[in-house]
Every structure is written in structure tokens, then in C-alpha cells.
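Tertiary structure, described
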Amino acid sequence: MNMAKQELSQQIVLSRLRFNSIEFENSHAEQQVYIDQDSVFQIDVVNHGAPARIYLAASHELHDSIKFLHNDFVVGAQAVVDVVAHIRMRQHGSISVTVGYGSNTDSFDINLIPVVGHKIEVDPSLGVPGNPEKYRLAQHVPVVPKSIKVIGALMFSLTILTLVTDIVPSFVGAISSALLLAIVVLYFLVPHIR
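Residues numbered from 1 in each chain as written. Predicted model: local features only at pLDDT ≥ 70, side-chain atom pairs only at ≥ 80, totals over all residues. Heavy atoms only, no water.

1. Describing the overall build of the protein chain
In terms of regular secondary structure, the protein chain is built from three helices and ten strands. Reading the secondary structure of the protein chain in the N-to-C direction produces β-β-β-β-β-β-β-β-β-β-α-α-α. Residues classed as buried in the protein chain amount to 35% of the 194 residues present. Taking as baseline every contact in the protein chain between residues at least 6 positions apart, the subset at least 24 positions apart corresponds to 64%. (Helix = DSSP H or I, 4+ residues; strand = E, 2+ residues; numbered from the N terminus. Buried < 20%, exposed > 50% of the residue type's maximum accessible area, 1.4 Å probe, protein only. Contact = heavy atoms within 4.5 Å.)

Below you can see the structure in the form of C-alpha cells.
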């Protein structure tokens, strides 16, 4: 599912005039939506009063074209409602807002304007000929075997023991340090070698 995220210039203001009042920044909104593609736009909700339950619904003209990702929720000071629209042609309808378990309802008009999305044409001649399984070999081979990690840990331990105590002779510490350096270099270089 391809989703193109866009902004709708609409803000719902709650409880500014009185308890559970509803105001709209615009009484009429327009939103461009890509044809045959899910487009996401957002509606801002600002609450000036006590936390209030809000419910949004699309009119019957838009009922099959608009889905609210989060709906029937409590708004504290501010919230954002994500709306997914999927259209094939221009559509007009309204979105109603209900506050406080139905104590107040109001709506604003919305036009969904179709826009042709950019489709990328791919030339089939650019594909890789032959068996695609042979190109996936690097995905199945572990980058660094576990045995090298264990040997690296052992070399690190011998190097530390050489530096801190006299239990391990100094030439063993020098060899383990050199091997540890080689393992670290291989560990960081192997992922970049193709």
C-alpha cells in the first residue's frame, strides 16, 4: 500500500467559546489526493477546555473514500487525526465532529481533488539476465563466523593478561595482540568487500 502524506489546512478548535463548543479554521477545505493511491492527511485538534471525547465521521458521499486511523478518543490540549483517503475521481462531502458523547456536533465541507501520481516506468532490459539465485549468495553467508569471534575474545584475554599480570609470557601477549589486530581489521573490512 503506497501512502503519500500531505497536510490539510484545517484545524478544529474545541471549548474556546463555551464548554464542548466546536469551531473550524475553515468552513470549507480542499485536499489534493492521488488517484488510486492511499493518501494520508492530518487534521489538527486544539482543545481550550477540559479533556473531551471527540468522534469524527465522513458524510455518506465520502464514507467509502475516507478512513480515520484514530477516532473516538479523548483530546487533552492538542491532538492530530490522521485521515486516509482513496479516490478515483473528484468527490465532495463533509466531515462531522462530535464532542462530549454527542453533546455537540458540527461539520465542515471538504473537496477531495484527484491528482495523478508519478508512476515510475522501468525498462525491462535493465534487469539482470540469468539466474537471480546466484546473486543472493552474499545474503546467506554469515559475514564473520562465530569461531573468529571466539578466537578474537581469547586473543583479547591473553593480551590483557600479558599487560596486567606475569602469568602469560610477553611473546604470547605480542602474538595475541597482533592476531587480535588482524581479526578487528577483518571484522570491519569484510562487510565492505564484494
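2. Notes on the pairing of strand β3 (residues 28-34)
Along β3, the buried face is formed by Ala29, Gln31 and Val33; none of His28, Glu30, Gln32 and Tyr34, which line the opposite face, is buried. Pairing analysis gives seven bridges linking β3 to strand β10 (residues 104-115), with the strands arranged parallel. Opposite His28, over in β10, you have Asp109 as the bridge partner. (Pairing = 2+ DSSP bridges.)

3. A look at helix α2 (residues 146-164)
Taking 1.5 Å per residue, 19 residues should reach 27 Å; α2 reaches 27 Å between its end C-alpha atoms and fits that length. Among the residues of α2, Gly152, Met155, Thr159 and Thr162 are the ones counted as buried. Along the axis of α2, the buried residues cluster in a sector spanning 90°; they form a single face. Away from its buried face, by an angle of more than 90 degrees, α2 presents the exposed residues Lys146, Val150 and Val164. Buried positions along α2 lie against α3 (170-189). (Expected span 1.5 Å × (residues − 1). Arc of directions from axis to C-beta.)

4. Remarks on the sheet that holds strand β5 (residues 52-58)
In space, the five strands of this open sheet follow the order β3-β10-β9-β5-β7, with mixed pairing throughout. Unpaired on one side and paired on the other, β3 and β7 (73-75) mark the two borders of the sheet. Direction aside, the axes of adjacent strands within the sheet are offset by 35° on average. Where strand β9 (residues 91-99) meets β10, nine bridges bridge the pair, whose relative direction is antiparallel. Residue pairing across strands places Ser96 opposite Ser107, the latter belonging to β10. (Axes fitted to C-alpha atoms, helices over the stretch in contact; angles between N-to-C directions.)

5. Things to note about the nonpolar core
Formed by 29 residues in total, the largest nonpolar core has its most connected members in Ile12, Ile43, Leu56, Ile66 and Leu112. Setting aside its immediate chain neighbours within four residues, Leu56 contacts Ile12, Ile43, Phe68, Asn71, Val81, Ile95, Ser96 and Val97. (Core = buried A, V, L, I, M, F, W, Y, C linked by side-chain atoms within 4.5 Å.)

6. Here's the deal with α3
If you check α3, its first and last C-alpha atoms are 29 Å apart, about what 20 residues at 1.5 Å a residue would give, namely 28 Å. Buried within α3 are the following residues: Gly173, Ser176, Leu180 and Ile183. The arc that holds every buried residue of α3, seen down its axis, measures 90°, which confines them to one face. Along α3, exposed side chains directed more than 90 degrees from the buried face belong to Ser170, Phe171 and Leu181.

7. A short note on a nonpolar patch on the surface
On the surface, a cluster of nonpolar side chains totalling about 440 Å² of accessible area is made up of Phe156, Ile160, Leu163 and Val164. Inspection of the secondary structure assignment puts Val164 in helix α2. (Patch = residues over 30% accessible without salt bridge, like charges linked within 9 Å, V, L, I, M, F, W, Y side chains within 5 Å. Areas by Shrake-Rupley, 256 points an atom, 1.4 Å probe, with all protein chains shown as cover. Salt bridge = Lys/Arg side-chain N within 4 Å of Asp/Glu carboxyl O.)

8. Notes on the side chain of Ser21
Residue position: Ser21 is located in the loop between β1 (3-14) and β2 (22-24). Here the side chain of Ser21 touches Arg18 through a polar contact of 3.1 Å, landing on its backbone oxygen. Ignoring anything within four residues of it in the chain, the contact list for Ser21 reads Val13, Leu14, Ser15, Arg16 and Asn104. (Polar contact = N/O pair within 3.5 Å; in protein donor to acceptor, adjacent residues only side chain to side chain.)

9. Digging into the pattern of salt bridges
Inspection of every chain in the model, using the stated rule, returns three salt bridges. Residue Arg88 pairs with Asp36 through a salt bridge whose shortest N-O separation is 3.0 Å. Taken together, the positions of Arg88 in the loop between β8 (78-85) and β9 and Asp36 in the loop between β3 and β4 (38-47) put the pair 52 residues apart, joining distant regions of the chain. Classification of Asp36 by relative accessible area gives partly exposed; the value is 46%. Here Asp72 and Arg53 are joined by a salt bridge, their closest N and O atoms 3.3 Å apart. Pair noted here: Asp72 is in the loop between β6 (66-68) and β7 and Arg53 is in strand β5, with a separation of 19 residues, a long-range link. Take Asp72: its relative accessible area is 42%, and that puts it in the partly exposed class.

Keep in mind these values describe shape, not function.
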